[in-house]
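# Structural characterization, general
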Amino acid sequence: MSTRVIRVLVADDQAIVRDGLVTVLSLLPDIQVVGEASNGAEAVLLATEHEPDVVLMDLRMPVLDGTAATARILQHRPQTAVLVLTTFADDASISGALRVGARGYLTKDASRAEVAAAIRSVANGQTTLAPEVAARLIGSFTAGGPTPDDLSGGAPSQGEPRRGEPSIHDRFPQLTQREAEVLGLMTRGLNNSEIAAQMFVSVPTVKTHINSLFAKLQVRDRSQAIALALSS
């Protein structure tokens, strides 16, 4: 049985970084680099021309930045997965990229193995966040300092807000209580199997809740749902 080859477009305005990525990725038997872009506008054009499975996208680029380029690519080709690879891990950059549909977010200190694994992950429809990015997202979601529960060693359970914060169900009343619970667990990085175990339900039930909350929140995928939950 033949191994699927993942078609990748690399977009980065720094030639040395772009060349390094292309060299490394070209050594992998299951990844084919189909194009190189030096700015966001070029990335949009090459994505239309080459129809990649994954775009490895820098954020700070001339002509058109990576966030705007991501939005344009996904508008015309939603089946493409955009994996951000950038130096910046500030709240605005992270939430902006995820909000327009990026499926993954890595910083440039990621190892070669981590970049390759992330490409394979987003190509298979999964969401991949660097640990420091996930921690920053969760930190922004739970900002406000330690609560008495924290100081006593009893942190809120997965999916629950800290004391005094509006719950996800309060912020998204269109969701059922179970859908809101699933969304809360998603924001903490749990996969479907882990959510199922946490809620004592089956994985197919979790998938049903996820599909329903996607429709109600008018989001396309997991990364957009997480970004919406963390920024609202």
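The structure this text deals with has already been given above.
Residues numbered from 1 in each chain as written. Predicted model: local features only at pLDDT ≥ 70, side-chain atom pairs only at ≥ 80, totals over all residues. Heavy atoms only, no water.

### Comments concerning the side chain of Arg222
Mapped onto the secondary structure, Arg222 falls in helix 12 (residues 222–231). Buried Arg222, no salt bridge; nearest opposite-charge side chain is Glu194, N-O distance 7.3 Å. (Helix = DSSP H or I, 4+ residues; strand = E, 2+ residues; numbered from the N terminus. Buried < 20%, exposed > 50% of the residue type's maximum accessible area, 1.4 Å probe, protein only. Lys, Arg positive; Asp, Glu negative; His and termini not counted. Salt bridge = Lys/Arg side-chain N within 4 Å of Asp/Glu carboxyl O.)

### Here's the deal with the packing of helix 2 (residues 40–50) against helix 3 (residues 66–76)
The N-to-C vectors of helix 2 and helix 3 enclose an angle of 15°; their axes lie 9 Å apart at closest approach. The angle between helix 2 and helix 3 places the two elements in the roughly parallel class. The way helix 2 lies across helix 3 gives a crossing that is right-handed. Contacts from Gly40, Ala43, Val44 and Ala47 in helix 2 reach Ala69, Arg72 and Ile73 in helix 3. Residue classes in the contact of helix 2 with helix 3 are distributed as five nonpolar, one polar and one charged. (Axes fitted to C-alpha atoms, helices over the stretch in contact; angles between N-to-C directions. Parallel < 35°, antiparallel > 145°, perpendicular 65-115°, else oblique. Left-handed = near helix turned anticlockwise from the far one by under 90°. Contact = heavy atoms within 4.5 Å. Nonpolar A, V, L, I, M, F, W, Y, C, P; charged D, E, K, R; others polar.)

### A closer look at the sheet that holds strand 2 (residues 31–37)
The parallel open sheet is built from six strands, whose spatial order is 2-1-3-4-5-6. Because the sheet does not close on itself, it has two edges, and the strands there are strand 2 and strand 6 (128–129). Here two bridges tie strand 5 (residues 104–107) to strand 6, and the two strands are oriented parallel to one another. By the bridge assignment for strand 6, Tyr105 is matched with Leu129. Set on the sheet, helix 2 makes contact with strand 1 (6–11), strand 2 and strand 3 (54–57); between it and strand 2 the angle comes to about 140°. (Pairing = 2+ DSSP bridges.)

### Remarks on helix 3
Taken together, the buried positions of helix 3 are Gly66, Ala69, Thr70, Ile73 and Leu74. Looking straight down helix 3, one finds its buried side chains confined to an arc of 125°; they lie on one side. Exposed residues pointing more than 90 degrees away from the buried face of helix 3 are listed as Gln75 and His76. Among the structural elements, helix 2, strand 3 and strand 4 (81–86) are those in contact with the buried residues of helix 3. Between a side-chain oxygen at the N-terminus of helix 3 and the backbone nitrogen of Thr67 the separation is 3.1 Å; the capping residue is Asp65. (Arc of directions from axis to C-beta. Polar contact = N/O pair within 3.5 Å; in protein donor to acceptor, adjacent residues only side chain to side chain.)

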